[in-house]
Amino acid sequence: MLSFEFGLCINCNQCLIFSVTTNADLTSLPEKHLVLLRDGRTLIGYLRSIDQFANLVLHQTVERIHVGKKYGDIPRGIFVVRGENVVLLGEIDLEKESDTPLQQVSIEEILEEQRVEQQAKQESEKLKVQALKERGLSIPRADTLDEY
């Protein structure tokens, strides 16, 4: 059973401290969590810690890469995620996890398919920019835009 505790920081007496405790050892918790990051990466692991800023510590983490109807998992181990990079955090239903229509493939295969997909996307983007230039229009490059 999980219990949540809130308190104030002993140093400044203003920061809110959030802690999760359980009757059992934290390493025995069976709940896997999925974390979607701001850069589009997907992490799956066991949540070990979270604070008031949504900073996370994940244990036995894998990075899942999806390409079409295939996916691959890259082992990452212990993963610390800064809260501002978290878009979504959710618990995975272990019973439904195996009922996916996606096909699991090797790391090498999924990385190669990801590379091919990214190249195709870049080529498509180049053609789009070229077509706009021919019509006298231009769009700013993504790396010149303010990210915030």
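Conventions we followed
Residues numbered from 1 in each chain as written. Predicted model: local features only at pLDDT ≥ 70, side-chain atom pairs only at ≥ 80, totals over all residues. Heavy atoms only, no water. UniProt positions renumbered as here; feature names shortened; annotations may be inferred. Helix = DSSP H or I, 4+ residues; strand = E, 2+ residues; numbered from the N terminus. Buried < 20%, exposed > 50% of the residue type's maximum accessible area, 1.4 Å probe, protein only. Contact = heavy atoms within 4.5 Å. Core = buried A, V, L, I, M, F, W, Y, C linked by side-chain atoms within 4.5 Å. Pairing = 2+ DSSP bridges. Axes fitted to C-alpha atoms, helices over the stretch in contact; angles between N-to-C directions. pLDDT = per-residue confidence, 0-100.

The chain goes by U6 snRNA-associated Sm-like protein LSm1 in an unreviewed UniProt entry, where it is assigned to Chrysemys picta bellii. Here is the UniProt Subunit (unreviewed entry) comment for the chain, exactly as written: "LSm subunits form a heteromer with a donut shape."

Side note on the overall build of the chain
Secondary structure assignment for the chain yields two helices and eight strands. In sequence order, the secondary structure elements of the chain are arranged as β-β-β-β-β-β-β-α-β-α. Per-residue burial over the chain gives 22% buried out of 148 residues. Contacts spanning at least 24 positions in sequence make up 42% of the contacts within the chain whose residues lie at least 6 apart.

Considerations on the nonpolar core
Counting residues in each nonpolar core, the largest one holds nine residues, listed as Val35, Leu37, Leu43, Leu47, Ile50, Leu56, Leu58, Phe79 and Val81. Elements that contribute at least two residues to this core include exactly β3 (32–37), β4 (42–50), β5 (56–67) and β6 (70–81). In terms of residue count, the dominant contributor to this core is β4 (three residues). For leucine 47, the contacting residues outside a window of four places in its chain are Glu31, His33, Leu56, Val57 and Leu58.

A short note on the sheet that holds β6
Across the sheet, which stays open at both edges, the six strands sit in the order β7-β3-β4-β5-β6-β8 with mixed pairing between neighbours. Each end of this open sheet is capped by a strand with a single partner; those strands are β7 (86–92) and β8 (103–104). Pairing geometry for β3 and β4, over five bridges, is antiparallel. Across the sheet, residue leucine 36 finds its bridge partner in β4, namely threonine 42. Strands β5 and β6 of the sheet are contacted by helix α2 (residues 107–134), whose axis makes an angle of about 100 degrees with β6.

Some details on unusual backbone geometry
Glycine aside, the phi torsion of most residues is negative, and most peptide linkages are trans. Here the phi dihedral of alanine 54 falls at roughly 70 degrees; this positive angle occurs in a residue that is not glycine. With a relative accessible area of 28%, alanine 54 lands in the partly exposed category. Even without glycine at this site, glutamine 60 takes up a positive phi of about 50 degrees. With respect to the secondary-structure elements, glutamine 60 resides in strand β5.

Remarks on the confidence of the model for the chain
As a note on interpretation, predicted positions should not be read in detail where pLDDT is low. In the predicted model, the chain carries a mean pLDDT of 81, and the fraction of residues at 70 or more is 74%. Per-element confidence in the chain ranges from a low mean pLDDT of 51 for strand β2 (residues 16–22) to a high of 94 for β3. Within the model, the stretch residues 23–27 combines pLDDT values under 50 with three contacts to residues more than four positions away or in other chains.

Let's talk about the pairing of β4
With eight of nine residues buried, β4 is to be regarded as a mostly interior element. Remark: four residues form the turn of the hairpin made by β3 and β4, two consecutive strands paired antiparallel; glycine 40 in that turn has positive phi of roughly 95 degrees. Across seven bridges, β4 lies against β5 in antiparallel orientation. Within β5, the residue paired with serine 49 across the bridge is valine 57.

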